[in-house]
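# Inside the fold
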Amino acid sequence: MKVLLAEDDDYLFAALSMALQRRGYNVEAVKTGTEAQAALLTNVFDILLLDLGLPGLDGTKVLAELRSRGEVMPVIIMTARDGLEDRIEGLDLGANDYLVKPFDFRELEARMRAALRKSHWGNKVEMEVGPLRLNTNSGVLLLNDKELDLTPKETTVLKTLMARAGRVVSKRQIMNQVSDWVEESSENAVEIVVHRLRKKLEFSKVAITTVRGFGYLLAEE
Ligand code: CA
């Protein structure tokens, strides 16, 4: 479970990072809105814990930008007691929930669980092929209910293959999904990513087959 924490208060930054890590969350923590935005553009997270009063770029701007890109990941905003206007604005901008500081860590965890459940039901983000389940929103891949670690490129390739499971997908179709692959080396890059994915799917009941001259096919064995 990957969490992005955006909080500029030193104490909360350290306390929340530590508490979340101790509870088994994979946490990336940043102190400015600019860093939060950069992290959201480069990584996939299951949930965002967002302080609204952030230096660099305001939390409401980070949230507005995230939603304008069509991102449906759950967001919990954290505001000061007197920040009623902020809270309303945050909810209007698409936050799923809010917490008023100071809050109890157990309450944060409960809200996180609720937000994650809602996002699970509210948005069709699960794709399934045999023992393989992908949360297309967070990029979290479960194989036999165990989380596997995927890079963003591996996620994109697997998503493309899963969306067309049982059918052949050409390298060109895969490349079209990844905008930043350099043209000359992209066929090779696809092969490398597929090779790595195969290793991660080894010994499971689902496999990626090469269809010579055409592309790849993901199917349950
Ligand atoms: Ca703050």
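Residues numbered from 1 in each chain as written. Predicted model: local features only at pLDDT ≥ 70, side-chain atom pairs only at ≥ 80, totals over all residues. Heavy atoms only, no water.

### Focus on a negative patch on the surface
A cluster of acidic side chains, namely Asp82, Glu85, Asp86, Glu89 and Asp92, defines a negative patch on the protein surface. Following the sequence through the fold, aspartate 92 ends up in helix H4 (residues 84-92). (Patch = residues over 30% accessible without salt bridge, like charges linked within 9 Å, V, L, I, M, F, W, Y side chains within 5 Å. Areas by Shrake-Rupley, 256 points an atom, 1.4 Å probe, with all protein chains shown as cover. Salt bridge = Lys/Arg side-chain N within 4 Å of Asp/Glu carboxyl O. Lys, Arg positive; Asp, Glu negative; His and termini not counted. Charge placed at Lys NZ, Arg CZ, Asp CG, Glu CD. Helix = DSSP H or I, 4+ residues; strand = E, 2+ residues; numbered from the N terminus.)

### What about the domain arrangement of the protein chain?
By domain assignment, the protein chain separates into domain 1 (2-121) and domain 2 (126-220). The straight-line distance from the C-alpha centre of domain 1 to that of domain 2 is 30 Å. (Domains from an automatic or database assignment.)

### Observations concerning the side chain of threonine 60
Mapped onto the secondary structure, threonine 60 falls in helix H3 (residues 59-68). You can call threonine 60 buried: its relative accessible area is 8%. Among the polar contacts listed, one links the side chain of threonine 60 to the side chain of aspartate 58, at a separation of 2.5 Å. Those residues in contact with threonine 60 that lie beyond four places of it in its chain are Leu52, Glu89 and Leu93. (Buried < 20%, exposed > 50% of the residue type's maximum accessible area, 1.4 Å probe, protein only. Polar contact = N/O pair within 3.5 Å; in protein donor to acceptor, adjacent residues only side chain to side chain. Contact = heavy atoms within 4.5 Å.)

### Details of the coordination of the calcium ion
Reference geometry at the metal: tetrahedral coordination by four donors gives ideal angles of 109.5 degrees; octahedral coordination by six donors gives 90 or 180 degrees. Taken together, the protein donors to the calcium ion comprise Asp8 (OD), Asp51 (OD) and Gly53 (O), at separations of 2.2 to 2.4 Å. Each donor residue of the calcium ion belongs to the same chain, and together they define the spacing D-x42-D-x1-G. Of the two residues, aspartate 8 sits in the loop between strand E1 (2-6) and helix H1 (10-22) while aspartate 51 sits in strand E3 (residues 47-51), which places them 43 residues apart along the sequence. When its relative accessible area of 30% is taken as the criterion, aspartate 8 is described as partly exposed. (Donors = N, O, S within 2.8 Å, 3.2 Å for Na, K, Ca; no water.)

### Observations concerning the pattern of salt bridges
Evaluated as defined, the whole model comprises twelve salt bridges. Of the charged contacts, one joins arginine 23 and glutamate 109 as a salt bridge, the two residues approaching to 3.0 Å between their closest N and O atoms. Separated by 86 residues along the polypeptide, arginine 23 in the loop between H1 and strand E2 (26-30) and glutamate 109 in helix H5 (residues 105-122) bring together distant segments of the chain. The class for arginine 23 is exposed, based on a relative accessible area of 52%. Taking relative accessible area as the criterion, glutamate 109 reaches 7% and is therefore assigned buried. A single network of salt bridges, built from pairs that share partners, joins Glu7, Asp51 and Lys101.

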